[in-house]
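Geometric and topological summary
Letter by letter, the chains look like this.
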Amino acid sequence: MERRVKLVLFFTVTVFFLFTLKLFKIQIVDHAKYRKLSRKNYLRVIKIPAIRGDILDRNGIKIASWRPAFRISVLPGVLSRNKLKKLFLLVGLDSLAYNIDTFSLKRNYITLKSGIDFRTISKIEENLDEFPGVVIDAVPSRYYNQKYISLSEILGYVQEAREDEIEKLHLDVGDVVGRRGIEAVYDSLLRGKNGKRFFVVDSRGNIIQRDPTPPIPPKKGKTIRTSIDANLMNFIDSLFAPYKKGACVVYKPKTGKVLALYTKPYFNSNTFLREYKKLLNNQDKPLLNRAIQGAYPPGSIFKLISALIALKTESVTENTTFSPCTGSFRYGNRTWGCWLETGHGKLNLPHAIEQSCDVYFYQLGLAVGFKRFLNVLDSLNIPVYTGIDLPHEKRGFIPTYDWYVKRLGKYNVTEGYVLNLAIGQGEILFTPISLAVITGQIAQKGWAIKPYIVKPRKLDTLILNIDSRYFDPVLKGAYLVVNGEHGTARSIALDSIKIAGKTGSAENPHGNKTHSLFTAFVPFDNPEYVITVIAENAGHGGEVAAPIAGKIIRRLYHIE
Amino acid sequence: MRALKSIFIPLFISIIGIIELARINTVYFEKQMAFLVLAILLYFTVIKINLKRIIHQYLLFYIIGLILLLLPLFSAHGAVKRWINIGGFTFQPSEVAKIFYILFLSSFFSKKERTGVSGFLKALFMSGVYFGLVFIEPDFATASTFMFIFAIVSFVVGVDFNVLLLFALAPLSAIFSFSWVLYVGLIILLTIYLFLLEKRRFFFAIFIYVIVFSFGLLTPYIWNNVLKPYQRQRVISFLDPEKHRDTSGWQVYQGKIALGAAGFFGRFGESYNQKNLRFLPAPHTDFIFSSIGEDIGFLGLVLLFVLYTALLWHLYEIVKKSRRMYIKIFSAGTLAFFIYHIIFNIASNLGLFPVAGIPLALLSYGGTHIITEYTLLGLVEGMYERGE
């Protein structure tokens, strides 16, 4: 019997020895690893969000800055699913932009939500005992100057990053990313570098000690200065008060600076996310930045380009007069009217531009010929897409001869189409920013600097493919539009400074009134500013858009 | 005087446990201190009990144990019928039943003629009632304690090893089938053993393989239909702790961190340790080994193994020196009891065995357990002193 008991004892001691070997492995060999794991257990990181860089207007006014906001963070693995759900309910969160489990593995604090109002916070703080592992603190949060809210479409807004963005951009949970506008384009510049704070916690999420090691401070993002004049934007906003929809661009063709890029209606960057559904369903489409995304038929403004085409093909000269305007023009088996039913009489090219005579331009178009007109138009290199540093700029549209053939069939393409084309009706579409750049190019006889909101390292020049000698008759016409005896925008003429421009009234299928368009440059002999105004369904160019531009010019030159 | 000398080592171990409990929570310390005092008093009381006159009444011990096991089934509340209330104290009768069970075994097997196959089968049948009763409490850990004690005692009293093998093989292959390494290892060992037998017994070998394969394959069925979810969970998380952080596998993981971070000398003086920050689960019961290990490190734990070995050696010496069979067997049963409570608890702390709620001998918090232990030791001492 003793032999067998001895055997049992021998086996037991052998097992003890094996335990000792295992303990040796755990306690001696892997000691460092477990030491680290133990530290990871109790030392938890909470992110200190970096302050997002300010966005300034051209005069240094802070249009986007920050202010403190409450943030709520949770320690993963402490709260049960039900408690978490309850917390979500209290915070007013229905879901997260990410799967919380993905980020639980690191076991650091996870930002649930930033920017919680005081009332909600105090409600949670009352019940904080119920939510172990929850930390409430104040963090910097993006804030847009409410006084300059008309800049919202240029600025964009920020939103909590989605899971895929967190992975792609190496962000922390709860970090924001810029959406739309400057916020989106210069996101990486504006974003600073997050800091870290360390807490010693126990297994139940109670904080035992704050900052056992010093925090790593965050780095603020870069401040971005824009070319926008915030007060000018507000002034333009006040001028648009009577009109529901429209856009306005103020642009310096010599430098590329965009002083104003106004669109109406516009959203409010501070409340964008809260009002997103409402904005989306709004019939007036406030989510459309009309200045860069609204595609409008240019109407009579296009006559400037028609004239250039005719001059380039040498089909006309400054002094060409066609059959006098009687108020209508007979071509094919149809009568084409002029907007002035009583007729303009006999006009040369500059005066035809001055009075925007349709009959003159019908004949100009015919003189060039449909196919040639389109080919030259195509070759001009008109900037239907300007490449301004904002996201989702829409490309305008210029049809080609092939496009007509494709659309109508080879035998249905007739010369008659050139009549509509020459006066700017039909399929051509321009965005306001593109119209402004074209105006700058015409004003400077063929070139303009690519527009920008934030100055790039290298400026690009946008050049029209046409010799500068062809511009004089067109410029003369543009001068007469404002300063001529019969000019369509003569009401805005100034003594001290010479304005030139072109009115346009684009028929549109949706409203009874035409879109009112006006594009101008000033001063005439050394163009400094381009002002392009579009007021939707507001009337004729000379009635609405031109006076708005006139007031903007007077403000730019401080004329009362 | 001899009794005082014999209690020194278990008391030394118990004091380590008491100090550890004081470090974990003073409430545990105070209660356990009271139980320890009671246990020591019982130790010196039971030494005086002379069982000589009734020692051959194995049925008496058997029935007392049986009543103890039946008690919780009738008087306890809740789904797990393991404890009963006596004057505000919760009391675990199955622990005390272990004493009577060992008494029963020593009484039964002290007659040489009962160590044959028929005697073994009779003891097995009677023990089977115990196993079954504890199993339906349900308390798998305690049931396996009884089985373990039965296996060891049967072995040492000289039951034919091949017979034992036949019966031990069923539970072994069931448990080992959870890990294919263990299962294959078992089959290889068996094959070697069968080859080493003096006479190649063909049918015996076939029978052995049938048991191994049928129980190994039956286990999935038991797994899905017999085990409680919490038991299943324990086994699952035992297999892959890092993936099951919220479960008992997570506990083992935290226990390992406690041990590993302690290193050679332990981290007695550190305030940010696993225990203080409450990352170590159940540090007073299931994981007291890890908890102690965190404080005293590798060196301390090796010393603890030395202490345990000394305790076991002491019991072995009694087996060797005593002349009466029932004393030898009772001492061997006590030895089996301690081996079980040391090995399986530590194995679960080291991640080598599922966490099954087996207390660590002389160290885990728990009144009934420590009282049982000192009663067993006291009985052994008393028998030895008188029967020598």
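These numbers were taken from a predicted model, which means no experiment stands behind them. Numbering of residues begins from 1 in every chain and follows the order in which that chain's sequence is written. Whichever chain is written first becomes A and whichever ligand is written first becomes 1, with later ones labelled in order. Predicted model: local features are reported for residues with pLDDT of at least 70 only, side-chain atom pairs are reported and counted for 80 or more only, and whole-chain, interface and lining totals are derived from all residues. Water and hydrogen atoms were dropped before computing side-chain values, which therefore reflect all heavy atoms in the structure.

**Some words on the overall build of chain A**
Check the secondary structure of chain A and you find 21 helices and 19 strands. A compact globule built from 560 residues would reach a C-alpha radius of gyration of about 24 Å, whereas chain A, at 34 Å, exceeds it by more than 25%. Counting only C-alpha atoms, chain A reaches 135 × 55 × 40 Å along its principal axes. Per-residue accessibility, obtained with a 1.4 Å probe over protein chains only, is compared with the maximum for each type, and a residue is labelled buried under 20%, exposed over 50%, and partly exposed between these values. The burial tally for chain A puts 54% of its 560 residues in the buried class. Within chain A, the 50 negative side-chain charges are centred at a point lying 7 Å from the centre of the 79 positive side-chain charges. The numbering of helices and of strands both runs from the N terminus, where a helix is a DSSP run of H or I of at least 4 residues and a strand a run of E of at least 2. Note that the radius of gyration is over C-alpha atoms, with the globule rule given as 2.2 Å times the number of residues to the power 0.38. Positive charges are assigned to Lys and Arg, negative charges to Asp and Glu, while His and the chain termini are left out of the count. One atom stands in for each charge, and that atom is NZ of Lys, CZ of Arg, CG of Asp or CD of Glu.

**Quick look at the interface of chain B and chain A**
At the interface, 51 residues of chain B touch 38 residues of chain A. As a working definition, buried area equals the accessible area (1.4 Å probe) given up by two parts on being put together, with both sides summed. When chain B packs against chain A, the two sides together hide about 4,100 Å² of surface, and 71% of this comes from carbon and sulfur. Taken as a group, B:Tyr272, B:Arg278 and B:Phe298 account for 17% of the area that chain B buries against chain A, more than any other trio of residues on that side. When a carboxyl oxygen of Asp or Glu is within 4 Å of a side-chain nitrogen of Lys or Arg, the pair counts as a salt bridge. For A:Asp202, the salt bridge is made with B:Arg278, and the minimal N-O distance between the two is 2.5 Å. Distance and chemistry together define a polar contact, namely a pair of N or O atoms within 3.5 Å, with one atom able to donate a hydrogen and the other to accept it when in protein, and with adjacent residues in sequence counting only for side-chain atoms on both sides. Linking chain B with chain A are 16 residue pairs in polar contact (both at pLDDT 80 or more), by the criterion used here. When contributions to the side of chain B that touches chain A are tallied by element, the ones reaching two or more residues are α6 (140-156), α11 (248-262), α12 (288-321) and α13 (325-349) of chain B. The element that contributes the greatest number of residues to the side of chain B that touches chain A is α12(B), accounting for 14 residues. The residue classification treats Ala, Val, Leu, Ile, Met, Phe, Trp, Tyr, Cys and Pro as nonpolar and Asp, Glu, Lys and Arg as charged. All others, Gly included, are polar. When the residues that make up the side of chain B that touches chain A are grouped by side-chain class, the tally is 36 nonpolar, eight polar and seven charged. The contact rule is simple, with two residues in contact once any of their heavy atoms fall within 4.5 Å.

**Quick look at helix α3 (residues 81-91) of chain A**
All names here are of chain A. Taken as a whole, α3 has its buried residues at Leu84, Leu87, Phe88 and Val91. The buried residues of α3 all sit within an arc of 105 degrees when viewed along its axis, so they share a single face. Along α3, exposed side chains directed more than 90 degrees from the buried face belong to Asn82, Lys85 and Leu89. In the stretch just after α3, Gly92 is the one whose phi turns positive, near 85 degrees. For this quantity, the arc is that covered by the directions from the helix axis to the C-beta atoms.

**Structural notes on the side chain of B:Ser154**
Position of B:Ser154 relative to the elements: it lies in helix α6. Residue contacts for B:Ser154: discarding those within four places in its chain leaves B:Phe109, B:Phe120, B:Val159 and B:Leu164.

**Considering the domain arrangement of chain A**
Residues and elements named next belong to chain A. Either an automatic procedure or a domain database provided the assignment from which the domain bounds are taken. If you check the domain split of chain A, you get domain 1 (44-225) and domain 2 (230-556). Centre-to-centre separation of domain 1 and domain 2, based on C-alpha positions: 45 Å. Contacts between the two partners involve 28 residues from domain 1, matched on the other side by 28 residues from domain 2. In this assembly, domain 1 packs against domain 2 so that about 2,400 Å² is buried in total across both faces, 59% of it on carbon and sulfur atoms. Taken together, the links from domain 1 to domain 2 amount to zero salt bridges. One can count twelve residue pairs in polar contact (both at pLDDT 80 or more) joining domain 1 with domain 2.

**Observations regarding the packing of helix α1 (residues 2-24) of chain B against α12(B)**
All names here are of chain B. Only the stretch in contact is used when a helix axis is fitted, and all axes are lines through C-alpha atoms; the angle between N-to-C directions ranges over 0 to 180 degrees. Running from N to C, α1 and α12 cross one another at 160 degrees; their axes reach a closest spacing of 11 Å. The angle between α1 and α12 places the two elements in the roughly antiparallel class. Crossing geometry of α1 relative to α12 is assigned as left-handed. Along its contact with α1, which presents Arg2, Ser6, Ile9, Pro10, Phe12, Ile13, Ile16, Glu20, Leu21, Arg23 and Ile24, the element α12 presents Ile288, Ser291, Ile292, Asp295, Leu304, Leu307, Tyr308, Ala310, Leu311, His314 and Ile318. Grouping the amino acids of the contact of α1 with α12 by side-chain chemistry returns 15 nonpolar, three polar and four charged. The labels follow the angle: roughly parallel below 35 degrees, roughly antiparallel above 145, roughly perpendicular from 65 to 115, and oblique for the rest. Handedness of a crossing is defined here by the sense of rotation of the near helix relative to the far one, left-handed for an anticlockwise turn of less than a right angle and right-handed for a clockwise turn.

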